[in-house]
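Secondary and tertiary structure notes
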Amino acid sequence: MPRLVFPLAVTRSISRICRWRALLLAALAILLALLLFQFPSPAKAGLDPSWGMVLVYAHRHGLQFGHDVAFTYGPYGFLISRFYYDGVPLVKILWESAGKFALAATLVAMAASTFNSWFRFGLFYLGLIFAAKISSDTVIFLCTPLLALCWLLPQKSKSWQVAVAVTWMAFLSQVRFNYFMQALVAIGLVIPSLLLEGKSKKLLVIVSSFTAAFVFFWLVAGQAINNLPAYFRSSWEISNGYLAAMAVNRVPITTWCIAAGICLLVVAFILSLLHSQNLRAEKWILLYFCCAWYFIWKYGVTRADTGHIVLFFPTAFVFCAAAPGLFQRRHWWSFLDASLVLSLAGLWLFNSGFLRHTPWELAQRLHAVPGELFRPKRQAQRFAAAEAATEKAHPSKNLRAIVGAETIDVINFDQYFVLREHLNYWPRPVFQSYSAFTPALLKQNLRFYQSSSAPQFVFARLQSVDWRFPAQDDSLLLEELPRRYSIAKEANDFLLLHRKPVQPTGELLREKFPMRHVSFGQEIQLPETVNCAVELRAIFKPSIYGAARAFLVQPAEVSLVLTDGKHGQHTGRLIPEMAAAGFLVQPLLESDKDFADFMATRPGRSVRSIRFVPVSATENCWSQISIQFSKLPELSFETATAD
């Protein structure tokens with residue numbers, strides 16, 4: 001009997017350690033969940049609040065994604081919207097409380113089972129705290145790559161770990177289409193890895209489970225199965241066009257240098273893994289690691305503005321902190337850890353306030369969130385008060401008196417002014433004009449307005465984003481509006497259009513001029529016309545360098561300069577993909593007044609010539625520019641004096 005004393009003591013010690021370890025991990029999960037909690041805000045005017053409102057509207061009214069709605073977010077995208085109206089739905093509250101806790105617990109359990117040292121676990125967890133403090137979207141963006149690298153692809157993963165990973169990946173795939181692409185790449189690498197190992201049964205289970213979970217969540221969201229092909233097609237089109245249309249470069253050169261330094265460290269880490277003795281066992285993990293880093297890199301640097309570059313550094317911190325542990329390196333440190341210092345330095349140089357205020361903001365958040373979670377009535381009162389204050393600050397447009405119960409759409413964005421009046425909102429598929437990034441999307445919106453499903457009214461503003469030439473956004477639809485709609489109300493900042501009782505039956509007539517090649521800086525005279533509008537199609541063919549630049553970093557930017565009848569110059573950013581579909585250059589459409597004159601066939605400002613200008617000396621990114629003018633005789637135009 002005494003021989004059992006030592007083993008019994010060891011058993012009790014191990015049990016005690018495991019119990020404390022479980023309590024510690026539970027506490028860490030709760031802490032992370034509190035930081036992931038997102039306070040819903042009342043909707044307001046603006047681009048981001050408006051698309052958030054539309055996602056909420058789509059959820060409440062059962063709109064079908066792929067058929068009624070084409071956007072970068074899916075049917076569960078409303079859950080991560082920050083803006084709501086008419087109160088907050090229960091499912092949002094459940095997601096922010098139970099859903100975020102489940103997500104935090106998954107990430108903590110994943111790290112505890114993957115990393116073989118507390119040092120690596122601590123760095124990774126600190127990165128999650130850092131990222132969650134800045135934006136919970138950053139953590140959600142990283143979930144699918146981390147779950148794939150830690151639990152889906154490794155051979156030693158347990159069945160329950162694979163099941164949890166597949167379930168989360170299937171759910172997040174319907175939050176945002178980018179997350180679906182992350183999951184699809186992971187599943188695509190699982191297939192050959194298990195086939196080569198002869199584990200066809202496990203492969204069948206994983207693929208069928210992901211498919212079944214995806215379909216289950218799709219049906220629970222109220223979506224029809226037959227809409228899936230249209231959803232995949234339109235979402236891919238938008239995601240593919242996003243890279244060229246939304247790319248901007250608005251960050252300092254020092255920030256670019258630090259971001260490039262982080263990228264080089266990751267590339268060096270990948271190259272070092274190629275010489276590893278475990279490469280054969282880790283090759284599929286390494287391949288997905290490369291893909292995941294590409295997702296992260298493009299996520300930050302494609303749209304290099306304040307919002308995205310601020311998210312890039314914490315995203316890189318978390319990913320680089322996890323990387324050595326993903327490949328089970330024995331050393332407690334790695335040269336890749338230098339990227340953690342670079343991430344902090346990059347954020348400090350870009351905006352030191354994010355780091356300086358972090359401790360105080362963390363303390364405030366941890367104090368405020370529990371009170372909001374356990375006092376929903378007080379939170380509802382605050383939301384209602386803030387919503388009333390916002391409505392008071394932005395007076396109603398009084399649209400209901402004219403629109404009544406008829407359907408209405410919004411051009412370009414700012415759906416806020418329609419949804420706040422609880423009108424019968426009936427959107428075209430790509431419901432914000434600036435995001436109709438490609439000719440296929442532009443034609444999809446045009447077909448909707450040509451059909452019998454078109455709205456009876458349109459709340460219209462000539463506006464755009466990123467200093468674009470406004471006539472590009474929904475260009476094909478913009479040309480069609482005078483044929484199908486008349487002005488019901490004209491205000492200083494918007495037009496209310498009403499659908500004509502008699503609709504044209506054929507396509508808009510275009511009298512095309514020959515296609516010709518031009519060069520940057522060349523002054524191009526517009527063709528002589530007799531009181532009618534002119535459309536321009538411009539096809540930009542990238543050079544090999546330009547294509548490589550677009551793939552690795554971001555595409556080059558192009559500006560359009562228009563010279564009016566009084567030799568005044570008007571400059572706007574041009575999106576090559578959208579320019580290929582054609583857009584109006586005559587008359588000059590640059591303001592709401594120009595648009596009103598165009599719709600009312602009043603005299604407008606004329607354009608004499610145009611020229612293309614590369615931004616930041618990127619002329620070598622393009623090998624050829626082809627243009628074609630077309631007269632639009634159905635759209636009358638009379639010349640007025642220039643401003």
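Residues numbered from 1 in each chain as written. Predicted model: local features only at pLDDT ≥ 70, side-chain atom pairs only at ≥ 80, totals over all residues. Heavy atoms only, no water.

**Quick look at the overall build of the protein**
Each helix and strand in the protein was counted, giving 23 helices and 20 strands. By the burial criterion, 56% of the 643 residues in the protein qualify as buried. For the protein, restricting intrachain contacts to residue pairs at least 6 apart in sequence, the fraction spanning at least 24 positions comes to 77%. Summed over its atoms, the accessible surface of the protein is roughly 27,700 Å², and 63% of this surface lies on carbon and sulfur atoms. (Helix = DSSP H or I, 4+ residues; strand = E, 2+ residues; numbered from the N terminus. Buried < 20%, exposed > 50% of the residue type's maximum accessible area, 1.4 Å probe, protein only. Contact = heavy atoms within 4.5 Å. Areas by Shrake-Rupley, 256 points an atom, 1.4 Å probe, with all protein chains shown as cover.)

**Looking at the pairing of strand 5 (residues 407-411)**
Of all five residues making up strand 5, five are buried, and the element is well covered by its neighbours. Burial along strand 5 is two-sided: the residues T407, D409 and I411 and I408 and V410 are all buried. Looking at chain direction, strand 5 and strand 6 (residues 424-425) are connected through two bridges and run parallel. Across the sheet, I408 pairs through a bridge with Y425, a residue of strand 6. The pairing of strand 5 with strand 7 (residues 457-460) spans four bridges and is parallel. Within strand 7, the residue paired with I408 across the bridge is F457. (Pairing = 2+ DSSP bridges.)

**Some remarks on the packing of helix 6 (residues 159-172) against helix 8 (residues 200-220)**
Running from N to C, helix 6 and helix 8 cross one another at 40°; their axes reach a closest spacing of 8 Å. The angle between helix 6 and helix 8 places the two elements in the oblique class. Here helix 6 and helix 8 pass one another in a crossing that is right-handed. Residues V162, V166, T167, M169, A170 and F171 of helix 6 touch helix 8, and the partners they reach there are I206, S209, F210, A213, F214 and F217. The residue inventory of the contact of helix 6 with helix 8, partitioned by class, reads ten nonpolar, two polar and no charged. (Axes fitted to C-alpha atoms, helices over the stretch in contact; angles between N-to-C directions. Parallel < 35°, antiparallel > 145°, perpendicular 65-115°, else oblique. Left-handed = near helix turned anticlockwise from the far one by under 90°. Nonpolar A, V, L, I, M, F, W, Y, C, P; charged D, E, K, R; others polar.)

**Structural notes on the sheet that holds strand 14 (residues 558-564)**
Sheet architecture is open: four strands sit in the order 12-18-14-15, paired in antiparallel fashion. Taken across any chain shown, the strands that pair with only one partner, and hence form the sheet edges, are strand 12 (524-525) and strand 15 (569-574). Here six bridges tie strand 14 to strand 15, and the two strands are oriented antiparallel to one another. Residue pairing across strands places L562 opposite H570, the latter belonging to strand 15.

**Section: the packing of helix 4 (residues 118-134) against helix 5 (residues 136-152)**
Geometrically, a packed helix pair is captured by the angle between its two axes and the distance between the axes. Between helix 4 and helix 5, whose axes approach to 7 Å, the crossing angle comes to 140°. Judged by the inter-axis angle, helix 4 sits oblique to helix 5. Within the contact between the two elements, helix 4 uses F124, L128, A131 and A132 and helix 5 uses S136, T138, V139 and L146. Grouping the amino acids of the contact of helix 4 with helix 5 by side-chain chemistry returns six nonpolar, two polar and no charged.

**A short note on the side chain of E535**
Considering the arrangement of structural elements, one finds E535 in strand 13 (residues 532-542). We classify E535 as buried; its relative accessible area is 1%. A polar contact of 3.1 Å, which involves the side chain of E535, links it to the side chain of R510. Ignoring sequence-local partners within four residues, the contact set of E535 consists of L476, E479, R510, A581, G582, F583, L584, Q628, F629, S630 and L632. (Polar contact = N/O pair within 3.5 Å; in protein donor to acceptor, adjacent residues only side chain to side chain.)

**Some thoughts on helix 2 (residues 47-61)**
Helical geometry: 3.6 residues make up each α-helical turn, so side chains three or four residues apart lie on a common side. If you check helix 2, its first and last C-alpha atoms are 21 Å apart, about what 15 residues at 1.5 Å a residue would give, namely 21 Å. Buried residues in helix 2 make contact with strand 2 (83-84), helix 18 (416-419) and strand 6. Once helix 2 ends, the next one or two residues include G62, with phi positive near 65°. (Expected span 1.5 Å × (residues − 1).)

**Comments concerning the packing of aromatic side chains**
Counted according to the given criterion, the structure contains 48 aromatic pairs. Ring centres of F180 and F214 lie 5.6 Å apart, and the angle between their planes is 50°; this geometry places the pair in the tilted category. Pair noted here: F180 is in helix 7 (residues 177-196) and F214 is in helix 8, with a separation of 34 residues, a long-range link. Each of the two residues, F180 as well as F214, counts as buried. (Phe/Tyr/Trp six-rings, centres within 6.5 Å; stacked < 30°, edge-to-face > 60°.)

**A few points about the sheet that holds strand 6**
Pairing between the strands of a sheet is mediated by backbone hydrogen bonds and can be parallel or antiparallel. One open sheet accounts for five strands, arranged 6-5-7-9-8; its pairing is mixed. Each edge of the sheet is formed by a strand with only one pairing partner; in this case those strands are strand 6 and strand 8 (485-490). Along the sheet face, helix 20 (residues 475-484) touches strand 5, strand 8 and strand 9 (495-499) and points at about 85° away from the line of strand 8.

**So, the side chain of D414**
Residue position: D414 is located in the loop between strand 5 and helix 18. Within the local environment of D414, its side chain forms a polar contact with the backbone nitrogen of G46, the two atoms lying 2.9 Å apart. In contact with D414, other than residues within four places in its own chain, are A45, G46, S50, F459, R461 and Q463.

**Points about the confidence of the model for the protein**
Taken over all residues, the pLDDT of the protein has a mean of 90, while the share at 70 or more is 96%. In the model, residues 1-6 has pLDDT below 50 throughout and makes zero contacts with residues more than four positions away in sequence or in other chains. (pLDDT = per-residue confidence, 0-100.)

**Thoughts on a nonpolar patch on the surface**
Taken together, the side chains of L90, I93 and L94 define a hydrophobic patch exposed on the protein surface, amounting to about 300 Å² of accessible area. Secondary-structure assignment places I93 in helix 3 (residues 90-114). With relative accessibility at 43%, the residue I93 sits in the partly exposed group. (Patch = residues over 30% accessible without salt bridge, like charges linked within 9 Å, V, L, I, M, F, W, Y side chains within 5 Å. Salt bridge = Lys/Arg side-chain N within 4 Å of Asp/Glu carboxyl O.)

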